[in-house]
Amino acid sequence: MSTISHHGLERVNDVLQSHMESTAKVVQVIEMRRRTVSFYGSLGCSPPLNLALGTLHGVATLAKVVDGHLAEVVAVARNAGASWSQIGEALGVSKQAAHAHFRKPPRYLP
């Protein structure tokens, strides 16, 4: 089992912090819209279609962005010396699942 260097951990943390800051406001907006959609449901009625579809689009877009961020952080962790077992453990999946999902270099999002 390999160990991650101190410099490597700092780089992983820097990348993760950058991505967390860049998505925090988007998450807040989507969460507000999700709560609004849920509120309509608690009243026993459907939200306006454009609100429901807009919220669905926002959540799907966020999921793609997060997956891109994960891919980049996994690549940084691998370059820092993390094993697939360590990455799988951090993600809560097997090393095989982590490797299968992240073995290709990340596609950077605009």
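Residues numbered from 1 in each chain as written. Predicted model: local features only at pLDDT ≥ 70, side-chain atom pairs only at ≥ 80, totals over all residues. Heavy atoms only, no water.

1. A short note on the overall build of the protein chain
On a plain count of helices and strands, the protein chain comes out with four helices and zero strands. Listing every helix and strand of the protein chain by position from the N terminus yields α-α-α-α. Across the 110 residues in the protein chain, those meeting the buried criterion constitute 25%. When contacts within the protein chain are restricted to residue pairs at least 6 apart in sequence, those whose partners lie at least 24 apart make up 59%. Taken as a whole, the protein chain presents about 7900 Å² of accessible surface, with 61% of it coming from carbon and sulfur. (Helix = DSSP H or I, 4+ residues; strand = E, 2+ residues; numbered from the N terminus. Buried < 20%, exposed > 50% of the residue type's maximum accessible area, 1.4 Å probe, protein only. Contact = heavy atoms within 4.5 Å. Areas by Shrake-Rupley, 256 points an atom, 1.4 Å probe, with all protein chains shown as cover.)

2. A closer look at a nonpolar patch on the surface
Where nonpolar side chains cluster on the molecular surface, the patch consists of Val 66, Leu 70, Leu 91 and Val 93 and spans about 260 Å² of accessible area. Positionally, Leu 91 belongs in helix H3 (residues 84-91). (Patch = residues over 30% accessible without salt bridge, like charges linked within 9 Å, V, L, I, M, F, W, Y side chains within 5 Å. Salt bridge = Lys/Arg side-chain N within 4 Å of Asp/Glu carboxyl O.)

3. Re the confidence of the model for the protein chain
Scored by pLDDT, the protein chain has a mean of 83; 86% of the residues are at 70 or more. Element-level mean pLDDT values for the protein chain span from 80 in helix H1 (residues 6-42) up to 95 in H3. (pLDDT = per-residue confidence, 0-100.)

4. Some thoughts on the pattern of salt bridges
On inspection of all chains with the given rule, the structure shows two salt bridges. Between Glu 31 and Arg 34 there is a salt bridge, and its shortest N-O distance comes to 2.5 Å. In this pair, Glu 31 and Arg 34 are both assigned in helix H1, three residues apart and thus about one turn of the helix distant. Since its relative accessible area comes to 27%, Glu 31 is described here as partly exposed. Between Arg 35 and Glu 31 there is a salt bridge, with its nearest N and O atoms 2.9 Å apart. With Arg 35 and Glu 31 both in helix H1, this residue pair falls four residues apart, about one helical turn. For Arg 35, a relative accessible area of 55% corresponds to the exposed category. Where salt bridges share partners, they join Glu 31, Arg 34 and Arg 35 into one cluster.

5. Things to note about the nonpolar core
Core analysis: the biggest nonpolar cluster contains twelve residues, these being Val 12, Val 15, Ala 71, Val 73, Val 74, Val 76, Ala 77, Ala 82, Trp 84, Ile 87, Ala 98 and Phe 102. Those elements that place two or more of their residues in this core are H1, helix H2 (49-79), H3 and helix H4 (95-102). At five residues, the largest contribution of residues to this core is made by H2. Contacts of Trp 84, omitting those with residues within four sequence positions, involve Val 74, Arg 78, Lys 95, Ala 98, His 99, Phe 102 and Arg 103. (Core = buried A, V, L, I, M, F, W, Y, C linked by side-chain atoms within 4.5 Å.)

6. Quick notes on H3
Those residues of H3 lying buried are Trp 84, Ile 87 and Gly 88. All buried residues of H3 lie within an arc of 100 degrees about the axis, which places them on one face of the element. Those residues of H3 that are exposed and angled more than 90 degrees off the buried face are Glu 89 and Ala 90. If you follow the buried residues of H3, they end up packed against H2 and H4. Following H3 by one or two positions, Gly 92 adopts a phi angle in the positive range, close to 80 degrees. (Arc of directions from axis to C-beta.)

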